[in-house]
Structure formats: structure tokens, C-alpha cells
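Structure at a glance
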Amino acid sequence: MPDLSADPLTGDAGCSGAAPAAGLQHVLEADAVSVSYGRTRALRSVSLRVASGGTALVLGLNGAGKTTLMRALAGTVPLRSGRVALHGRDITAVPAHRRVRAGISLVPEGRGVLPGLSVRDNLDLGWHAAPRGRRGKLADAIAYVTELFPQLAPKFAQDCRTLSGGEMQMLAIGRALASRPSVLLLDEPSLGLAPLVTSAVYSALARLGGEGVTTVIVEQKAVPMQVVPETVLVLRNGSAVHEMHDARPTEDELARLYLTDGAPQGGARS
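For the structure given in this document, a descriptive report is provided here. (Residues numbered from 1 in each chain as written. Predicted model: local features only at pLDDT ≥ 70, side-chain atom pairs only at ≥ 80, totals over all residues. Heavy atoms only, no water.)

Considering the overall build of the chain
Along the backbone of the chain there are eight helices and eleven strands. Within the span of the chain, comprising 270 residues, buried residues form 50% of the whole. When contacts within the chain are restricted to residue pairs at least 6 apart in sequence, those whose partners lie at least 24 apart make up 68%. (Helix = DSSP H or I, 4+ residues; strand = E, 2+ residues; numbered from the N terminus. Buried < 20%, exposed > 50% of the residue type's maximum accessible area, 1.4 Å probe, protein only. Contact = heavy atoms within 4.5 Å.)

Looking at the nonpolar core
Phe149, Leu152, Leu171, Ile173, Leu184, Leu205 and Leu208 are the most contacted members of the largest nonpolar core, which totals 42 residues. Per element, the largest residue contribution to this core is seven residues, and it comes from helix 6 (residues 165–178). Discounting chain neighbours no more than four positions away, the residues touching Leu152 are Val119, Val145, Glu167, Met170 and Leu171. Counting residues in each nonpolar core, the second largest holds 30 residues, with Val46, Ala56, Ala72 and Val77 among its members. (Core = buried A, V, L, I, M, F, W, Y, C linked by side-chain atoms within 4.5 Å.)

A word on the sheet that holds strand 1 (residues 26–37)
Pairing within the open sheet is antiparallel, and its four strands lie in the order 2-1-4-5. At either end of the open sheet lies a strand with only one pairing partner, and these are strand 2 (40–51) and strand 5 (89–90). (Pairing = 2+ DSSP bridges.)

So, the packing of aromatic side chains
This structure, assessed with the given rule, holds zero aromatic pairs. Above the ring of Trp127, the side-chain terminus of Arg135 is found at 4.8 Å from the ring centroid. (Phe/Tyr/Trp six-rings, centres within 6.5 Å; stacked < 30°, edge-to-face > 60°. Lys NZ or Arg CZ within 6 Å of the ring centre and 35° of its normal.)

Printed below as a string of C-alpha cells:
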């Protein structure tokens, strides 16, 4: 589990800093975030808030701005305007490597594992990404990941290139979790996976909220989530066109959201 008592910007235990607002509830906040690539506006004034241990699901077709939002939260692209905050502290100007130390881990689309390294080496790198104050013991981090994904345990010595697509995704998530994050960002974790493997991945992810890990998940389609997300945000052409709370849209509802301006019944608002 992440050490949530560590300083949010350094990740070090016992470090001082500006105190977050009293009564803070949201761990991660994006306020009116806009991102441009040259003259192309990829994200237009998108806002998102997620509580400790909560889950946000961001949905949209290709080109909707989902990956750009994740990059904005992770700090790998600069904002044109808006604000990102972690534990109540403004991190808009904080670079990506410091956000990792602060507790934000991104699992990018396409897995992001390091070929040529073994499964164990990939997990070691994830553990070393955490600052000493939050890191804990390597053996504990490895045990935690293999408890979530027991399929990885017998393959520790293998080059990660020999893994199946599902195992690579599990390894990518495990490496991110080895850094003991308080916020886990997942960009299309079901991409290219068989339904049974997707269910196994989401079964593991369902445990994270109870352990204090806040998750933001990007997908194109309805997925077998075992927890009801506190927020579902639907993006289209870089803008948030619908927002739902404590609900999971069906495939039919998603088709309507993607192709029309009609909101599904049961708590959506545009």
C-alpha cells in the first residue's frame, strides 16, 4: 500500500510543506485543463476530481483527448491553461519525474514494459522509482504485485518480450504499483486483451480502492469493472460532453453518447 503520510510533492516521509486545505476530500483534481499541440487544441477546459481510493473512468473514441488528459495529469505535456492539484497542492508546474515521486504513476497505452529486461528487473525499476520515504522493502513490493497477479510469479527470470499481451499488461500495472503510488493512471488497460484476461485485470484493479489507491482509467468501450466509478467522463473532440456519477454506462448508452448529444438515463449530465 502507498504511504499516504509522505509529503505529496517529494514523497519523503516527515517532510514539511504547505499544508493542504482543511477538510480536503479530493486526492487528484484537474480544473479547466486545456492542452494544445502547436495550433491544434487537443483538450478544451476539461475538469475531473477523484477522492482517495476512488475511481474515475474516462471514455471516448480515438482522438477524443483521453490520452492527452492522462499525459496532462502525469505532467508529460504542458498545459495551455488550467490547473492540476494533488492532495490539495498545485502541481501544474511540477515536472513528470517529480510527480512520480509525489505518488502519480502512469501505465501508458501499449503497456510500456522495457524489452530486454526480465519481469523481475521491470518490477525492481518500478520500486526504485519511489522515494525512500515511501518505498518500503523490495520484497514486500514484489509480494504485493504477485498477490495481485500470480501469473507473473513463475516468469520472473523471463525476458518480458516472451510474455503474452495480458501478462505484459499485468507487468506494466505491477511495475507502476511497485512505486507505491497514491494515484494510478491507466491508459486503455484492456486494449488488445481477450475478455477473460480483461476480467482478470479489472478484478485486480478492484482491490486498489480499499487500499487507498485512487485510479483514473481510460477506455473506449464498456469494461467489466467490479467497482462502480464515482465519476464517468465522456470526451469528444477534446471536450467533456457528458459526466455521470456512481454509474456504469452500457454499450448501448456509450454508442448514444459517442454518436449523439443524448445523455443516458440514470444520472448523466452534460
